[in-house]
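Listed below, chain by chain, are the residues.
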Amino acid sequence: MRILLDKFTKNFGDLTVIDEMDLEVHDGEMVALLGGSGCGKSTTLFAICGIHKVNGGRILFGDRDVTNITSQERNVGVVFQSFALYPHMDVAHNIGFPLKLRKETSTEIQRKVDEIAEMVHIGPLLKRRPGELSGGQQQRVALARALIRRPDVLLLDEPLANLDATLRLEMRSEIRRIQRETGITAVLVTHDQVEAMSMCDRIAIMDAGKILQITEPSDMYNNPVSDYVAGFLGSPPISFLTGIIQNGSFIEPATGAKIPVRKAIAGSHAGREVRVGIRPEYYQPDKGVMIKGTVSMIEAQGRETLYVVTLPDGNILRSIQGSHSPVKIGDAVNWGIDAEHMLVFDKDGLLI
Amino acid sequence: MGNSKHLGLYLLAPAGIFVILFFLAPVILTGIFGFTNMSTATGITGGSYMVSESSMRPLRSHFGEEALADQLMQRVYTIDEAGLQAAAEAGGDAAAIRELEARFLGQSFDRRRDVEVAIKSLNARPSSTRAIKLISAEFERSVVNTRFDTPEEMLAAIAGFGIVLNNAQTEALVDVAYTGWTFTTQNFKTMLELPDTKKTLINTLFYVFATLILFNTGFALVLSISTHYMPSRPAGFFRSIWLLPRVTPPVLYVLMWKWLAWDTGFLSVILEPLGFAPRNWMLDTPANAWTFIILINGIVGASMGMLIFSSAIKAIPPALFHASEVDGATRRQQIWHIILPQLRWPILFITIYQTLSLLTSFEYILLATDGGPGGATEVWALSTYLKALSNYGGALQYGYGAALSLVLVVIGISVSLIYLKLFDFKNLTAPPKIE
């Protein structure tokens, strides 16, 4: 079922946290709300599930206006960051709790619990208390509880934040699998761009209560609307340089290197200051516009190695390379920028 | 410095002394006193041996020695040196005394009249009856009301009056004549025999459980749960209001209730126009008295449970409330399925703590009804206090009171053990499994 936020506004006292936000999540789609802490992503999620009252605008599930409907009546499933399992109930009772509240018969509850437990692979754990489960198992129980009454929408609030690295990888694909299997419309709140990119159909990136851009992960990576978005996506992160457009090229101020830009940019921004963003994969030893610097840090990441190159004026460029080259910290290097993939932003940080 | 490891002990010593003086010693002494017949009559130090009206009573009734008791109670009048001297000192006629010594020294009379006849027969007899009586009074000789430090002294004195006792009589006399306290289990027998005991016990159980269930846990839960769902400012306001009775001096607090209830008080004044005759509403009937007693105790007692439960509810992660809301739980279901199960441990704590404190506390009852009307609200602790420390007639039964309080201790411990069982204490205190 689609979710529509129409000019959704949320205040805490005098403070307007979210101002007239519009967001549409299509039926069966999984959308990530991505942003740093305090950007309003959890607030949005809590408003969708009805825990927070809305101060302005509408929230629609399908065509049904749920703005003033309590969370009890909204039919949403929520997985909380802390999982919020009821410590005094065993797993079966935790999962069956929403059905029990609806006064379904115990045989019916048991059948549905068994069915959902099968799907999230926790069949043998039904008699345990939450305290006797590992983090990943608790996560699966929370997911089962959220899904058991076939909610209209599934909301996930930082579901992987409390898990260790390997479990995170596993649960990432598990949640996506279950979401696909059930075809449920889902909203994932996260501050982790890898999670957002790997799990979701679309990402809505948020800052200061506003959605900056909403699009598919690869599109957002390649065509970020602003330097903020470009900086948020990608690991290791993009590097920025500031300089002037002259004679169809971006002039790197420290080395004087000339990096050609698209004709349109060269025309519209001639003589103006711009900010360019270079992703680590587009700063490589053997091609593009050469630029000189000193290797100031080397981070071996296993399959790849990250080099941080400091330019004479102290700015840095990052380079990620597949094979380990023999350079050492302190070596002078002359590597090239792939001008084709260089992102150019204007003074206000918007992509040109 | 070398002794610094004992520093803690030194620092604790004052506390230790106070604990021993004001807690352990009284507890042990109560245990001991419970098995004695100590009272105002026996005193708390050792006693002496004395033939008296009261000690003869058991001799007659319990040992059936009517004749012996009459014999012991008899007075004789003997003209002896001591009597003559005392009469002289009392200001008796000197010539009369001298003649009395010369003619009657060593003679005994059964009645005072006979002595007086003897005095009147003297040549130097005093002129007034008053002067004769002054002299005759000094010759009265009897074991009655004379204190002897040992039984031997008493028996020797009795033998001096020519009263011969057999072994059984001696034993019985020594037994009844002892005025000090003795060890006995009579207190517990008395307790079982007296119909008051059962009534006091029922009163106590009613008082404790009615107050506990209605107020100390029940109303405390209502207060803490309802303030949990309020915005924080009004919630804090209501909680402080319910704390006020707790910080009011008990005497003033109960006095206000009395003003409310007595025959010219608030209730009487507002109910009179409605056709209810003014009366002391608190002491009017046992039901009224109980209503007031439970209200007075409960309104004070609810505040502690309220504080404990409120903070326990605050400690429940907000996510659990959010989760249950989106799971579809109404307020009522949330209270039943989320809050109450999480409050099991605080409820157990409050239940035990308040049961024990209600069992032993009687100050509000003492101040409000003093057990009335007609003992209807006399609870065990109050009864103990009245028996042992505040008897109207002034005859304080320390031993019986101590025995009563021993029973109270046993009741308290048994009730606590039952609670621990009921609430499954072992599971409650198992190490937490969720972080």
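Residues numbered from 1 in each chain as written. Chains lettered and ligands numbered in written order. Predicted model: local features only at pLDDT ≥ 70, side-chain atom pairs only at ≥ 80, totals over all residues.

Draft legend 1. Structural detail: the interface of chain A and chain B. Listed by partner, the interface residues are 20 residues for chain A and 17 residues for chain B. Of the residues forming the side of chain A that touches chain B, the biggest block, 3 residues, is contributed by helix 2 (residues 91-101) of chain A. By residue class, the composition of the side of chain A that touches chain B is 12 nonpolar, 5 polar and 3 charged. (Contact = placed C-beta atoms within 7 Å. Helix = DSSP H or I, 4+ residues; strand = E, 2+ residues; numbered from the N terminus. Nonpolar A, V, L, I, M, F, W, Y, C, P; charged D, E, K, R; others polar.)

Draft legend 2. View of the sheet that holds strand 7 (residues 153-157) of chain A. Residues and elements named next belong to chain A. Strand order in the open sheet formed by 6 strands is 6-7-8-3-9-10, and the pairing between neighbours is mixed. Of all the strands in the sheet, just strand 6 (76-79) and strand 10 (210-215) have a single pairing partner and so form its edges. Each strand axis lies, on average, 20° off the axis of its neighbour in the sheet, ignoring direction. In this structure, strand 7 lies alongside strand 8 (residues 185-190), joined through 5 bridges in parallel fashion. Within strand 8, the position partnered with Leu154 by the bridge is Ala186. (Pairing = 2+ DSSP bridges. Axes fitted to C-alpha atoms, helices over the stretch in contact; angles between N-to-C directions.)

Draft legend 3. The packing of helix 2 of chain A against helix 4 (residues 135-147) of chain A, seen in detail. Residue and element names in this part refer to chain A. The N-to-C vectors of helix 2 and helix 4 enclose an angle of 30°; their axes lie 7 Å apart at closest approach. With respect to helix 4, the axis of helix 2 lies roughly parallel. Where helix 2 crosses over helix 4, the handedness of that crossing is right-handed. Facing helix 2, whose interface residues are Val91, Asn94, Ile95, Phe97 and Pro98, helix 4 presents Val141, Ala144 and Arg145. Taken together, the residues that form the contact of helix 2 with helix 4 break down as 6 nonpolar, 1 polar and 1 charged. (Parallel < 35°, antiparallel > 145°, perpendicular 65-115°, else oblique. Left-handed = near helix turned anticlockwise from the far one by under 90°.)

Draft legend 4. Molecular detail of the confidence of the model for chain A. The predicted model of chain A averages 89 in pLDDT, with 100% of residues at 70 or higher. Averaged pLDDT values for the elements of chain A fall to 80 in helix 9 (residues 263-268) of chain A and rise to 94 in strand 8 of chain A. (pLDDT = per-residue confidence, 0-100.)

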